[in-house]
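Spelled out, the chains give:
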Amino acid sequence: LRYTGIRDRGVSALVKALPHLVELQVLNVSNNNIGDSGIVSLVQTLCQPSSLDTEQNPPGNKRLSTAPHYNTTLQELYIGNNRGVTGAGPGRVAQLIGALPALTWLNMSGDEYSPAHLSDTAAMALAEALPRLPALDQLDLLFISMEPAGFQAVMQAAEEHPTLE
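Every value quoted in this text rests on a predicted model; they were computed, and no experiment measured them.

Draft legend 1. The arrangement of the packing of aromatic side chains in detail. This model, assessed by the stated rule, comprises one aromatic pair. Taken together, a centroid distance of 5.6 Å and an interplanar angle of 55° make the contact between Y78 and W105 tilted. Here the residue Y78 occupies a position in strand β2 (residues 76-78), and W105 occupies one in strand β3 (residues 105-107), the gap between them amounting to 27 residues.

Next up, the structure:
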């Protein structure tokens, strides 16, 4: 879906289909016109416990495990270079992304014509999420600005990460 011109409205349709794509390994919606709300909606959906949890563990049933089963198949997520993204979208994504443990590649880059800014809080959330992404070996943050403290936290987490180079 890269370079298709998809906007937030198109993402709404995609979000409805995502729960049915149980073996999804790569999702590329980069280089489009998706805004903060579309990116956040997409990642929130990817990070929600599967519908299988509800079927196997109905509310009130204490006998079954309460641990949610997040998406364990998504390996590559490309959400960068979307013209409608500011700092709010990537900031929320940073808070959510740790629920995708199989990720090997994450592209959160800003758009070169309208760079995004990660607040210190968002950058710290990204730094805290990195240890929960044990397979991650590529993190793209081109055209993203950060304050010094947030940048330092992300850099330290990246340096300490076992697979990021």
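Draft legend 2. Fine view of the sheet that holds β2. The four strands lie next to each other as β1-β2-β3-β5, forming an open sheet whose pairing is parallel. Edge positions in the sheet fall to β1 (26-28) and β5 (138-140), since each of these pairs with one other strand and no more. Mean inter-strand twist for the sheet, computed between neighbouring axes without regard to direction, equals 5°.

Draft legend 3. Looking closely at the nonpolar core. The biggest cluster of nonpolar side chains holds 47 residues, and the ones touching the most others in it are L27, L42, L77, I79, I97, L103 and L130. Only α1 (8-17), α2 (36-47), α4 (88-96), β4 (116-118), α5 (120-129), β6 (144-146) and α6 (148-160) provide two or more residues apiece to this core. With six residues, α5 is the largest single contributor of residues to this core. Non-local contacts of L27, meaning those with residues more than four positions away in its chain, are made with L14, L18, L42, L46, L74, E76, L77 and Y78.

Draft legend 4. How the structure looks around the environment of N82. In this structure, N82 sits in the loop between β2 and α4. Overall, N82 belongs to the buried group, its relative accessible area being 1%. Sequence-wise, N82 and S114 are 32 residues apart; in three dimensions their C-alpha atoms are separated by 9.0 Å.

Draft legend 5. Spatial organisation of the packing of α1 against α2. At a closest axis distance of 9 Å, the pairing of α1 and α2 adopts a crossing angle of 10°. By the angle between their axes, α1 is roughly parallel relative to α2. On the side of α1, the interface is formed by D8, V11, L14 and V15, while α2 contributes S37, G38, S41, L42 and T45. Of the residues contributing to the contact of α1 with α2, the split by class is four nonpolar, four polar and one charged.

Draft legend 6. Quick look at the side chain of T45. Mapping T45 onto the fold places it in helix α2. By relative accessible area, which is 15% here, T45 ends up buried. Aside from chain neighbours lying at most four places away, what touches T45 is V15, L18 and P19.

Draft legend 7. Here's a closer look at unusual backbone geometry. Not every positive phi belongs to a glycine, and Y3 is a case in point at roughly 55°. Within the secondary structure layout, Y3 lies in the segment before α1.

Analysis parameters
Residues numbered from 1 in each chain as written. Predicted model: local features only at pLDDT ≥ 70, side-chain atom pairs only at ≥ 80, totals over all residues. Heavy atoms only, no water. Phe/Tyr/Trp six-rings, centres within 6.5 Å; stacked < 30°, edge-to-face > 60°. Helix = DSSP H or I, 4+ residues; strand = E, 2+ residues; numbered from the N terminus. Pairing = 2+ DSSP bridges. Axes fitted to C-alpha atoms, helices over the stretch in contact; angles between N-to-C directions. Core = buried A, V, L, I, M, F, W, Y, C linked by side-chain atoms within 4.5 Å. Buried < 20%, exposed > 50% of the residue type's maximum accessible area, 1.4 Å probe, protein only. Contact = heavy atoms within 4.5 Å. Parallel < 35°, antiparallel > 145°, perpendicular 65-115°, else oblique. Nonpolar A, V, L, I, M, F, W, Y, C, P; charged D, E, K, R; others polar.

Everything listed here is a matter of geometry and, on its own, says nothing about what the molecule does.
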